[in-house]
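Spelled out, the chains give:
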Amino acid sequence: MIKIRPLFIISFLIFGTLGCSTSPRVEPGVSLELAKFRKALVSDVNYELFFNLPEKEKENISASETITFTLKESGHDIQLDFRESAELLKSLRINGTEAEIQFKDEHLILPAHLLSEGVNSVDIEFTAGESSLNRNPGYLYTLFVPDRARTAFPLFDQPDLKATYDLTLEIPVSWEAISNAPLASITEKDSAKTLEFATSDLISSYLFSFVAGDFEAVTRTVGGREMTMLHRETDEEKVARNIDDIFELHAASLSWLEEYTGIDYPFQKFDFALIPSFQYGGMEHVGAIQYRASSLFLEEDPSDSQLLSRASLIAHETAHMWFGDLVTMEWFNDVWTKEVFANFMAAKIMNPNFPDIDHDLNFVLRHHSSAYSVDRTEGANPIRQHLDNLNEAGQMYGAIIYNKAPIMMRQLELLVGEELFKEGLREYLSSYSMGNATWPDLITILDQKTKKDLKSWSEVWVNTAGRPHFSVEFKEDDLPGREPLRYDVLVQTDPAGLERVWPQQVGIWTISPKDSSFKFFDILSDDQKKFATLNKLRAETRVFNANGRGYGLFPADLKTLQHWEHMRDVRKGSHLINLYENMLEQNEVFPDSYITELINIVQTEENQLLLNLALGHIESIYRRLLTEEQRNDVQSELEEMLWNQMLAQSQSSTKKTFFNTFRNVALSPDQVQQVYDIWKKELEVEGLRLSETDFISMASELAIKRPDISESIISEQLSRIENPDRRRRFEFVKPALSADQDVRDSFFESLKDEENRKTESWVLSALGYLHHPLRVHASQKYILPSLELLKEIQTTGDIFFPKRWLDVTLGNHSSDEAVETVRSFLDDNPDYNRQLRMKILQAADMMFRANQIKKYTK
């Protein structure tokens, strides 16, 4: 039996190749200091891994590994990362010598006297840590981004120590499995089988992955490339409706990226798994992409928005094979570079697949609102942030890197020129292929292709937070002997008072006051001048950011909507976003007036993307921003309009779009009864095709709106659900739907146990029911304990979980008491984690604004 003892390391000076340097101290996480130290010493890493995966979810996973690596010089203790209990480590051999296990602060220490310059070999037997193995009845999957591989096995868990992996899995004979490399051999014995995978390509540790379980495997060859998909969907019709498009969209994305980058698909294979209740939309593991199943298996009659979202997700994850997997960020402070390129490329990839879509409009709708939702807040963060330790890398993620960064990148492409930009990206990919790079590395390449000062440009766009504010000012210049020259200018100001300027191109559409003629033109708001001349004759009506390329708070007014039918779709979308942002800033756009205009718009608008945007604004205003009196004033008109529009639609997808909004906002007894009758299948609406998921959503809303019969609704819906994964989900959220406050209180208390937060998407759904708009008075007491749990959630949860936990907790509240709870928590904790403080302020922004808007209205 191996004795385990704590290690107390005395740092000492090492003289040699590294120079006079101090060995990094042992501390939790993976510090930047440790990462740099190891990068200078360690290379040529290979992991030979074995996991025995039992069918029963509660049984331990026995495992072993052999790590080989080259050490540049001897004389240093080397730390392996392992964020689990030392009790899981069973034995350790270093270069053939049995070694005592020395473990401290999430690290297994390899003592210097057992290591040598050159090739070293480390053998470890252990029980696998499970916090990132996502074990479920009948299946499991790894999810190691950003630094979670170290929760499963000991390794060098940093992105710039790329390695190869030789994986062997022992699994139940009925299971399927995929990993990063092709399957090399299968051996069956009794009720188990052993899968040996070939040596993987050179990849970062967060990209190592495997999926195993009771999946159906579908293999197809499309465009000359073989792909295998794993899934657990039991609805055969749903699978049949979607499967061709899923494979074709992947093939189209691969083909487009090969042409754009000039680099053939760089890895050995290309497979993907569709996983129920997956934490994210997708994750770009090399050769083994993981997706949330519902994101790809769409329901019958999907809307344009749903089709575009699926195509964008597939394009995004496929683009990562080049941007993030082939060339990986050096440190997670640059994680945004892989995400911006994936989103930016996805927008380009989708164009040929959807020729009838206004892609400028789609870009605006997919990026601007989400980016503004952070950049307008007190907790706004820059695109590129500082990161001292990978245990906080998850907080680098969010709307800014996914949505503001692509807007920035499009402005950069406009600045450099499309062809030179493409040329620069090709050089970047070829220069750093199978390696690591930083954002400054790319800027250096692009800087050589333009006379513009990209480093200064990048400083504002990338390294600072917030958005510019634009306003129109009237100017009058006196000219000797002539009439004064009168004109308007668009002025860009920095709301933070830092005198920053965001150089950008902004499109403006004007309506002449003389003859009602329309004009469109681009202006440049750059670092030489903070304003740009609009026109010599003053226009009374304008749409700013009319082509969706600009970024900031632009002027907007409701009277421009009288020209709605003359606007291009992208101008309509941009104008609605401008109106919504000005409403939140209380810039003369009022919620009751805006929702009235939106009710008129959705009765005539045919573009599904715009319809979704307008209905989303209606639902947000109705549920969050109207006072009770204002909501009562508009309730009957809104419900009647939505119901009648739903009945009038000839296109099934649009019919369902109206019905979903009606289901969510219906409050009057008669209209709630309509939803109930449809759920009971006593009322059938012609052309409204509803799936099992739709009936679950209806039952959830009805359980809250009809507390008198909620238990019978929940019980009946549970008995109807055929898919076992969806049944497990509904069983989990059932207490959150209960009409009994004590049941809901007990459920919330149960979330303090990490084990009960394991399936994060279920937890978020349940929290949404606890904090439903009709329950905010009863759920306000959950806010403070939810904030108190946040640090633990950041430590134990996946990358998006802390912010989403906050969003569903705070999003529907607006009372003085709720605002005071959040403000007091931050005041009482002045030294609170900076990243988490920003997330709280981001999530609370709508609460703060709704509170002030309602006070102003009263």
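Turning to the layout of surface pockets, a few remarks are in order. Counted as a void, the largest pocket has a volume near 680 Å³. Contributing to the lining of the largest pocket are 27 residues, with R631, V776, H777, S814 and K854 lying nearest its centre. Counting residues per element, the ones that place at least two in the lining of the largest pocket are α13 (608–625), α14 (628–648), α15 (652–665), α22 (776–779) and α28 (845–857). Broken down by element, the lining of the largest pocket gets its largest block of residues, four residues, from α28. In the lining of the largest pocket, the residues fall into eight nonpolar, ten polar and nine charged. Considered as a void within the structure, the second largest pocket measures approximately 500 Å³ in volume. Contributing to the lining of the second largest pocket are 24 residues, with A347, K348, N351, R410 and E413 lying nearest its centre. At the level of secondary structure, the elements contributing two or more residues to the lining of the second largest pocket comprise α2 (236–261), α5 (335–353), α6 (359–375), α7 (399–416) and α8 (418–431). The biggest single contributor to the lining of the second largest pocket is α5, with seven residues. Of the residues that constitute the lining of the second largest pocket, the class distribution is eight nonpolar, seven polar and nine charged.

Another point: the pattern of salt bridges. Under the defined criterion, the tally for this structure stands at 54 salt bridges. Measuring nitrogen to oxygen at the nearest pair gives 3.0 Å for the salt bridge that ties R225 to E258. Within this pair, whereas R225 is found in strand β19 (residues 225–231), its partner E258 is found in helix α2, the two being separated by 33 residues in sequence. The class for R225 is partly exposed, based on a relative accessible area of 22%. Via salt bridges that share partners, R376, R467, E581, E585, D845 and R849 belong to a single interconnected network.

Read from one edge of the open sheet, three strands run β12-β17-β14, paired in antiparallel fashion. The sheet is open, and its two edges are formed by β12 (139–141) and β14 (176–179), each paired on a single side. If you compare each strand with its neighbour and ignore which way they point, the axes differ by 0° on average. As paired elements, β12 and strand β17 (residues 210–213) share three bridges and run antiparallel to each other.

Our focus in this paragraph is empty space enclosed by the protein. Evaluation of the coordinates by the stated rule reveals ten cavities of 30 Å³ or more. Forming the walls of the second largest cavity are N134, R135, N136, Y139, Y141, P276, S277, Q279, K758, T759, E760 and W762. Elements supplying a minimum of two residues to the lining of the second largest cavity: β12 and α21 (760–770). For the lining of the second largest cavity, the residue count by class is four nonpolar, five polar and three charged.

So, about the nonpolar core. One finds F51, F153 and M345 to be the most contacted residues of the largest nonpolar core, which totals 233 residues. Dropping the residues within four chain positions of it, M345 is found in contact with W256, L257, Y260, A319, F323 and L425.

Attention now moves to the packing of aromatic side chains. Applying the stated criterion across every chain yields a total of 46 aromatic pairs. Note on Y139 and F215: the rings are 5.7 Å apart at their centroids and 75° apart in plane angle, and the pair reads as edge-to-face. Residue Y139 is located in strand β12, and its partner F215 is located in the loop between β17 and β18 (216–222); the two are separated by 76 residues in the primary sequence. One exposure class covers both Y139 and F215, and it is buried. Members of the aromatic cluster, each reached through a chain of ring pairs, are Y47, F51, F82, F103, F126, F144, F153, Y165, F208 and F210. Positioned over the ring face of F695 is K681, at 5.1 Å from the centre of the ring. Directly above the aromatic system of W679 lies the positively charged group of R720, at a separation of 4.4 Å from the ring centroid.

This part takes up α2. A rise of 1.5 Å per residue sets the reference length of α2, with its 26 residues, at 38 Å; its end C-alpha atoms lie 37 Å apart and thus fit the reference within 8%. The axis of α2 is deflected most strongly, by about 40°, at N242. Taking the backbone nitrogen of E237 as reference, a side-chain oxygen 3.1 Å away marks D235 as the first, capping residue of α2. Just downstream of α2, G262 is the residue with a positive phi angle, here 75°.

This part takes up the confidence of the model for the chain. Low pLDDT marks stretches whose predicted atomic positions should not be read closely. With 94% of its residues at a pLDDT of 70 or more, the chain shows a mean pLDDT of 93. pLDDT under 50 marks residues 1–17. Its contacts with residues more than four places away, or in other chains, come to 43 contacts.

About the cut-offs
Residues numbered from 1 in each chain as written. Predicted model: local features only at pLDDT ≥ 70, side-chain atom pairs only at ≥ 80, totals over all residues. Heavy atoms only, no water. 1 Å grid on protein atoms, 1.4 Å probe; cavity = no way out; pocket = protein on both sides within 12 Å on 5 of 7 lines; lining within 4 Å. Points joined across faces, edges and corners; volume = space filled by probe spheres on them. Helix = DSSP H or I, 4+ residues; strand = E, 2+ residues; numbered from the N terminus. Nonpolar A, V, L, I, M, F, W, Y, C, P; charged D, E, K, R; others polar. Salt bridge = Lys/Arg side-chain N within 4 Å of Asp/Glu carboxyl O. Buried < 20%, exposed > 50% of the residue type's maximum accessible area, 1.4 Å probe, protein only. Pairing = 2+ DSSP bridges. Axes fitted to C-alpha atoms, helices over the stretch in contact; angles between N-to-C directions. Core = buried A, V, L, I, M, F, W, Y, C linked by side-chain atoms within 4.5 Å. Contact = heavy atoms within 4.5 Å. Phe/Tyr/Trp six-rings, centres within 6.5 Å; stacked < 30°, edge-to-face > 60°. Lys NZ or Arg CZ within 6 Å of the ring centre and 35° of its normal. Expected span 1.5 Å × (residues − 1). Bend = angle between axes of the 7 residues up to and from the residue. Polar contact = N/O pair within 3.5 Å; in protein donor to acceptor, adjacent residues only side chain to side chain. pLDDT = per-residue confidence, 0-100.

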